[in-house]
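One letter stands for each residue in the lines below.
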Amino acid sequence: LVFSRVKSSDSLNFPTISIKSGLKYLTPITIGSKRIFPSREGCSLDEDSITAIFEASDLAVLPYRTFMSSSGPLSLAISHKKPFIISENLRGLTNSQDIINAMKISGVEEEIIFKMNKKSLVKAIGKSMQPHVNRKILTFSAILNKDRSFESIAKIYNILLNPPDQKEISAY
């Protein structure tokens, strides 16, 4: 799910788009001249539509019941430097060293995790939109974006595949 804040009088509404959701009611979203109508079965989106959706969004919500298939949408949120919240079923992701480091640096803690019920989800979305919390989650996502970039990963693989000689190491 991707949420965007749209000001409507004095309140905030959350139009949603779902790539694969169990929700009963999904709101269509208009991006430029394109109108996307998600269904309960999901919808197939081209790369330009996905980019446009993430650019227009304020928050990515990952309400997965199982760990399986959650990495794609998480990677998209990170690659677009979008703040995200995850269901408690994905809590295991927070055991990844890069996520542990990003949480420590950004100050993000439990505010990115919600229980799989409406009350907890609504509370997490509301909290994530508070300016001080939103800044922390944005920073968290930006750190992960940098740490998981091609350049960062390529450096690690290069070291693994081409270890320096002991002579080079002892020169330091």
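The rules behind these values
Residues numbered from 1 in each chain as written. Predicted model: local features only at pLDDT ≥ 70, side-chain atom pairs only at ≥ 80, totals over all residues. Heavy atoms only, no water. Buried < 20%, exposed > 50% of the residue type's maximum accessible area, 1.4 Å probe, protein only. Helix = DSSP H or I, 4+ residues; strand = E, 2+ residues; numbered from the N terminus. Arc of directions from axis to C-beta. Contact = heavy atoms within 4.5 Å. Salt bridge = Lys/Arg side-chain N within 4 Å of Asp/Glu carboxyl O.

Chemist: Quick question: what am I supposed to make of helix H3 (residues 97-106) here?
Modeler: Along H3, the residues that are buried comprise Asp98, Ile99, Ala102, Met103 and Ser106. Around the axis of H3, the buried residues are gathered within 135° of arc, so they sit on the same side. Facing away from the buried side of H3 by over 90 degrees, the exposed positions are Gln97, Lys104 and Ile105. Against the buried residues of H3 lie helix H5 (131-147).

Chemist: Quick question: what am I supposed to make of the pattern of salt bridges here?
Modeler: Between side chains of opposite charge, a pair can form as their charged atoms come close. All chains considered together, the criterion is met by three salt bridges. Among the salt bridges present, the one from Glu110 reaches Arg91, with a minimum N-O distance of 3.1 Å. Taken together, the residues Glu110 in the loop between H3 and strand E9 (113-114) and Arg91 in the loop between strand E8 (84-87) and H3 connect sequence positions 19 residues apart. Overall, Arg91 belongs to the partly exposed group, its relative accessible area being 34%. For the salt bridge of Asp98 with Arg148, the shortest nitrogen-to-oxygen distance reads 2.5 Å. Of this pair, Asp98 sits in helix H3 while Arg148 sits in the loop between H5 and helix H6 (150-161), placing them 50 residues apart in sequence. On the basis of relative accessibility, which here comes to 19%, the residue Asp98 falls in the buried class. Since its relative accessible area comes to 32%, Arg148 is described here as partly exposed.

Shape is all these values report; function is a separate question.
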